[in-house]
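Structural overview
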Amino acid sequence: MSSVDPIITIRHANKFFGDFQALTDVSLHIDRGEKVVIIGPSGSGKSTLLRTINYLEPIDSGEIIIDGHALTAPNQDINQVRAEVGMVFQSFNLFRHKNVLDNLTLAPIKLKKEPRAQAETRCMELLRKVGMDDKAKSYPIQLSGGQQQRVAIARALAMTPKIMLFDEPTSALDPEMIGEVLEVMTVLALEGMTMAVVTHEMGFAREVADTIVFMDEGQIVETAAPEQFFTNPKNPRAQRFLEQIL
Amino acid sequence: MESEKKTIDIGDGAAIPNPDDPGLFTAWRIAFFGTLGIIAYLLIVHPDPYLEIIKFLPDGIVVTFKVTIASICLALVLGLVAGLGRISHNRAYNLIASTYIEVIRGIPLLVQLFYIYFALGRIVKVPDMIAAIIAMGICYGAYMGEVFRAGIKSIDQGQTEASLSLGFNRTQTMRYVVLPQAWRTILPPVGNEFIALLKDTSLVSIIAVSDILRRGREYASESFLYFETYTLIALIYLTITLILSKLLSIMESRVSHYEQR
């Protein structure tokens, strides 16, 4: 796959958990502004792949380059790269001891030394964007799953990342809350954010993705535009997967 | 998972009265008001010798509190260092912390007290009270280390991952995200250790520190009123630990209240 302006480059990545090989020779490019949706059966390595991109799971061999920084380089400051890659988790992971606004401002104030007043104004704007500004002083435990996830997205955005990673952001949500989170993600996509999303929401994948990556057994089996993937998948395993879920 | 997190809620101090445990709550009241009642009865009905004995003890109470507070501060610092060491990926740090905890927990406090007192005495001359504080601190630091380790482990891994993904390093993650949350889990067992430590300070009377017990012994050996003196000393210890356990339960409910606000 050729790339015009890759912001993420993964080359021949392998990852083992003990004897189990979670990723096998995975190579992937993501361009600036591109929206990639990674789908596949559970246990296929989708989440592992996403987690290798910000080094929550170090790869055992291969190469990952984020915006010119090779994560595997010996003296690369991983924390600095991570600050430019926002991540949204399945289980939200809001800081339970901080209110909503403090969840957002913690990293910018401590890491970027942004003045508190400025950080708070900016983060209130982000909360307004995800429709959570009226809950700025609430604690995570008081919010619904959908609200927590919208705050988690805003928290990741507070560090003004160049890339956003979403690891099954709606899988832990009650069905009636999935829409509000996908809506926020769609707006983000329309604004041109580079996104890599692991999800089971095929409607979202179809609507928002530039590229669908289908994984099975730790390998990328098919990479295609959504139209082509959903109407005419080439790989038999992808065909079987789509038959099962659609 | 949830039940696993609660297993650190044990201790050998006085039971902390929990409003959700009415039996224990009632028991606290009976013990507390019973103790105060008996002390009042003894002082009023038998002012001789009890009033004399109690006049002799305030210095000792002050010393007991001084030793307890200084030791717990030292123990908290050592406990944090040891607890972080126990979960550290740095092998040397981990090994040192684990060895410290294993060795110290295997030696009775009284033996440590003697050992540190006389070992220190061979190198430098330190005041008895300082030797006592160092020994108590080192000993309780080892127990506190396990409490800190369990408290840190009880915080969901997702909190750490979220913090790392924002760009915090491991130290910052510990400081800004994990420890502030672990503190809530740690508080009840730390409170128990505090009460246990206060009681164990009675051992320092053996190395010439004038705590409550030693002051009592001094009085008893002059007056030969052993029974009366030790009765009052037991009642005073009981009053102090019961008050402390009540204070801790109030602190604890404040902390969990904050979580749910």
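Rules used in this analysis
Residues numbered from 1 in each chain as written. Chains lettered and ligands numbered in written order. Predicted model: local features only at pLDDT ≥ 70, side-chain atom pairs only at ≥ 80, totals over all residues. Heavy atoms only, no water. UniProt positions renumbered as here; feature names shortened; annotations may be inferred. Pairing = 2+ DSSP bridges. Helix = DSSP H or I, 4+ residues; strand = E, 2+ residues; numbered from the N terminus. Contact = heavy atoms within 4.5 Å. Axes fitted to C-alpha atoms, helices over the stretch in contact; angles between N-to-C directions. Buried < 20%, exposed > 50% of the residue type's maximum accessible area, 1.4 Å probe, protein only. Lys, Arg positive; Asp, Glu negative; His and termini not counted. Salt bridge = Lys/Arg side-chain N within 4 Å of Asp/Glu carboxyl O. Polar contact = N/O pair within 3.5 Å; in protein donor to acceptor, adjacent residues only side chain to side chain. Buried area = accessible area lost by both parts, 1.4 Å probe.

Per an unreviewed UniProt entry, chain B goes by the name Putative glutamine transport system permease protein GlnP and belongs to Candidatus Desulfatifera sulfidica. As its UniProt record puts it under Sequence similarities (unreviewed entry), chain B is described as follows: "Belongs to the binding-protein-dependent transport system permease family. HisMQ subfamily." For the record of chain B, the UniProt heading Function (unreviewed entry) holds the text "Part of the binding-protein-dependent transport system for glutamine; probably responsible for the translocation of the substrate across the membrane."

Within an unreviewed UniProt entry, the label attached to chain A reads Amino acid ABC transporter ATP-binding protein, and the organism entered is Candidatus Desulfatifera sulfidica. Under the heading Sequence similarities (unreviewed entry), UniProt records this for chain A: "Belongs to the ABC transporter superfamily."

Considerations on the sheet that holds strand 1 (residues 6-17) of chain A
Residues and elements named next belong to chain A. Strand order in the open sheet formed by four strands is 2-1-4-5, and the pairing between neighbours is antiparallel. At either end of the open sheet lies a strand with only one pairing partner, and these are strand 2 (20-31) and strand 5 (69-70). Strand direction decides the pairing type here: strand 1 and strand 4 (residues 61-66), joined by five bridges, are antiparallel. Paired with Ile10 across the two strands is Ile64, which belongs to strand 4. Running at roughly 60 degrees to strand 2, helix 1 (residues 46-53) makes contact with strand 1, strand 2 and strand 4 of the sheet.

What about the side chain of Glu222(A)?
Residue and element names in this part refer to chain A. Following the sequence through the fold, Glu222 ends up in strand 10 (residues 219-224). One buried charged residue, Glu222, remains without a salt bridge, the closest side chain of opposite sign being Lys234 at 5.0 Å. In this structure the side chain of Glu222 is engaged in a polar contact, spanning 2.9 Å, whose partner is the backbone nitrogen of Lys234. With residues near it in sequence (within four places) discarded, Glu222 still touches Ile212, Val213, Phe214, Phe229, Pro233, Lys234, Asn235 and Ala238.

A closer look at the interface of chain B and chain A
Between chain B and chain A, the residue contacts involve 22 residues of the former and 25 residues of the latter. Carbon and sulfur atoms make up 57% of the area that chain B and chain A hide from each other, which totals about 2100 Å². Summed over the shared surface of chain B and chain A, the result is one salt bridge. Among the ionic pairs, Glu161(B) bridges to Arg51(A), the shortest N-O distance being 2.7 Å.

As for unusual backbone geometry
In this structure, the amide linkage connecting Asp48(B) to the following residue, Pro49(B), adopts the cis form with an omega of 15 degrees. If you trace the backbone, Pro49(B) turns up in helix 3 (residues 47-56). In this structure, Lys113(A) takes a positive phi of about 55 degrees despite not being glycine. Its place among the elements puts Lys113(A) in the loop between helix 3 (100-111) and helix 4 (116-129). You can call Lys113(A) exposed: its relative accessible area is 64%. The residue Glu168(A) is not glycine, and still its phi comes out positive at about 45 degrees.

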